[in-house]
Amino acid sequence: MHQREHQREHWHTQIGVILAVMGSAIGLGNFIRFPGQVALYGGGAFMVPYFISLLVLGLPLAWAEWALGRYGGTHGHNSVPGIFRSIVKRRWIGYAGSFCVLVPVVIFCYYILIETWCLVYTIRYAFGMMRLGEPSAYASYFGKLIGISENGLVFQTVFSNPYLVCLLVCFLLNFMLIYRGITRGIEWFCELALPALFLCSIIILIRVATLGNPSDIEGQSYLDGLGFVWYPAEQGKTTLETLSDPEVWLAAAGQIFFSLSIGFGLVITYASYTRKRADIALSAASAVFGNSFCEVVFGGMMIVQAAVMFLGRGAINKEQLGSSFALGFQTLPSVFEQMPMGQVFGFLFFFLLFLAAVTSSISLLQPAVALLEDGLDLSRRKSVTFLGLFLLTISLLITYFSRNLTALDTLDFWMANVFVFVLATFQVILFGWVLGLEKGMKELEQGAMMRIPRFVKYLIKYVTPVYLLVIFALWAYRQTVFKFHGKNCEQMWGFLRRENRT
């Protein structure tokens, strides 16, 4: 009975599903990770492989996942294992599909922690509690908030640190929305949150763009910040030297996966709830380009520029930042302190981050809920309750092992870097070589008002999987997986450790 009720659920409107998928894509990757990647990888040098990856990986994979999802939905499945079984009539394919449930669930367990940081900062800015003085004070505060110096420190300071209370609030909000279902929960929230998110972004962008040169120092104007992002050559290197570095290409491809939420199984699950005659080709393209617009225009034209204007280019290089988190939670609060009406714009910025994080985190839950309903025939209440208690336990464990954020960083490395490449490659091969281009393109074009160019099917079948395999091979070859992991750990948290020692 529960399963039949679950299969009748559909998105209410075309704009609703587009906003929901855009919401799953628009998140911390747009406003924190993307500007941080631009700063870490030489500004405009990052944009060339970023746009190439968007066209070769992002859009083709999005179209493939939408087609796979609706194909499985029309065969009575909403969970990824069930959708895969509708294509390949073998038991083992269900186990492969289970990884598309496992990866989003694990990502949620640490993504919700970053969402909590955004809520804490939003509340502190709302009550005027974020004037800390020296830039180093913001690094120190962030370290204390998350307990970076000692495992379990957050639990020891529970009465003076709002972290755990805000974590519980984030959990309740996410599971309340996911319990309400596709239409009354996810679609309803995204229809409210996405316009508010765009409004906050526009206000902050206009404010940053009209500041002029607040420091009156040559080379620290808004145009200098734009030049840093869009000029395709890292300082001290030629364009060719920068683009010949495989790490820049690896980072760009990873950003596309992280930002568009492709490769995780999220889009496949969402697409399974679309109606048979819905225009999924337009929905996919709208979600991809809407997310990229938000990322490039808002994330790429206000965050780095504000840092350049107030702190100079020297404050946003790889050695100074160490990680993309440092730009968002340490550098920008220092910028807001120096900006006129900085408390107001700081509140708007972190409120924007919080909304973006929630629209993404609820999408990470839906594949698991669909599996429990579709595979175990559980009601939505039982599915959400079981999943909530389980994930809260895992998130508290990650919170406890907070020293240098080793647990969070390790999970992020394996989930968002290693498994996403494997799953994305598997899905594009499933679409192009197993389901077949003719059947797959027929599903994609059913109900479509836009004409998809003929070369797209060859791009999906040949170019995209080869590009993925080459990137993954370069990544593995660069050193070893474990050595690369250790390098990133040191880069990511070295800055925080230096600040804590001082």
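All values derive from a computational prediction rather than experimental measurement.

A count of helical and extended segments in the protein chain gives 22 helices and zero strands. Counting the 502 residues in the protein chain, one finds 61% classified as buried. Of all intrachain contacts in the protein chain linking residues separated by at least 6 positions in sequence, the fraction that spans at least 24 positions is 84%. Roughly 19,700 Å² of accessible area belongs to the protein chain as shown, and the carbon and sulfur atoms make up 66% of that amount.

On to helix H3 (residues 28-40). Within H3, the axis deviates most sharply at Phe 34, by approximately 25°, and proline Pro 35 lies no more than four positions further along. Counting buried positions over the 13 residues of H3 gives 13, a clear majority of the element.

Throughout the structure, instances matching the rule amount to three salt bridges. Its salt-bridge partner being Arg 380, residue Glu 373 comes within 3.2 Å of it at the nearest N-O pair. The two residues Glu 373 and Arg 380 agree in class, both being buried. A salt bridge links Lys 457 to Glu 438; the nearest nitrogen and oxygen atoms lie 3.6 Å apart.

Next up on the list: the confidence of the model for the protein chain. Detailed reading of the predicted model is not advised wherever pLDDT is low. Averaged over all residues, the pLDDT of the protein chain is 85; the fraction at 70 or higher stands at 89%. Low pLDDT, under 50, characterises residues 1-7; the predicted model gives this stretch 14 contacts beyond four residues in sequence or across chains.

Here the focus is the side chain of Gln 343. Counting through the fold element by element, Gln 343 comes out in helix H18 (residues 342-376). Taking the relative accessible area as the measure of exposure, Gln 343 reaches 16% and is therefore buried. When neighbours within four sequence positions are excluded, Gln 343 is seen to be in contact with Tyr 125, Gly 128, Met 129, Met 130, Arg 131 and Phe 336.

Counted by the stated rule, this structure contains 30 aromatic pairs. Look at Phe 84 and Phe 426: their rings are 5.7 Å apart centre to centre, the planes differ by 50°, and that puts the pair in the tilted class. Of the two residues, Phe 84 is situated in helix H5 (residues 80-87) and Phe 426 in helix H20 (residues 406-445); the sequence distance between them amounts to 342 residues. Taking 5.9 Å as the distance between ring centres and 65° as the angle between the ring planes, the aromatic pair formed by Phe 198 and Phe 298 counts as edge-to-face. Here Phe 198 is found in helix H10 (residues 181-209), whereas its partner Phe 298 is found in helix H15 (residues 280-311), with 100 residues between them in sequence. Among the aromatic residues, ring-to-ring pairing joins Trp 117, Tyr 121, Tyr 125, Tyr 141, Phe 142, Phe 329, Phe 336, Phe 349 and Phe 350 into one connected group. Over the face of the ring belonging to Phe 258 we find Arg 33, whose NZ or CZ atom lies 4.8 Å from the ring centre. Above the face of the Trp 188 ring, Arg 180 is positioned so that its terminal group lies 5.4 Å from the ring centre.

This part covers the packing of helix H9 (residues 163-179) against helix H19 (residues 380-400). Closest axis-to-axis distance for the H9/H19 pair is 11 Å, and the angle between their directions is 155°. It follows from the interaxial angle that H9 and H19 lie roughly antiparallel. Note that H9 runs across H19; the crossing there is right-handed. Contacts from Tyr 163, Leu 164, Leu 167, Phe 171, Phe 175, Ile 178 and Tyr 179 of H9 reach H19 at Arg 380, Arg 381, Val 384, Leu 387, Gly 388, Leu 391, Leu 392, Ser 395, Leu 396 and Thr 399. Here the residues of the contact of H9 with H19 sort into 12 nonpolar, three polar and two charged.

Calculation notes
- Residues numbered from 1 in each chain as written.
- Predicted model: local features only at pLDDT ≥ 70, side-chain atom pairs only at ≥ 80, totals over all residues.
- Heavy atoms only, no water.
- Helix = DSSP H or I, 4+ residues; strand = E, 2+ residues; numbered from the N terminus.
- Buried < 20%, exposed > 50% of the residue type's maximum accessible area, 1.4 Å probe, protein only.
- Contact = heavy atoms within 4.5 Å.
- Areas by Shrake-Rupley, 256 points an atom, 1.4 Å probe, with all protein chains shown as cover.
- Bend = angle between axes of the 7 residues up to and from the residue.
- Salt bridge = Lys/Arg side-chain N within 4 Å of Asp/Glu carboxyl O.
- pLDDT = per-residue confidence, 0-100.
- Phe/Tyr/Trp six-rings, centres within 6.5 Å; stacked < 30°, edge-to-face > 60°.
- Lys NZ or Arg CZ within 6 Å of the ring centre and 35° of its normal.
- Axes fitted to C-alpha atoms, helices over the stretch in contact; angles between N-to-C directions.
- Parallel < 35°, antiparallel > 145°, perpendicular 65-115°, else oblique.
- Left-handed = near helix turned anticlockwise from the far one by under 90°.
- Nonpolar A, V, L, I, M, F, W, Y, C, P; charged D, E, K, R; others polar.

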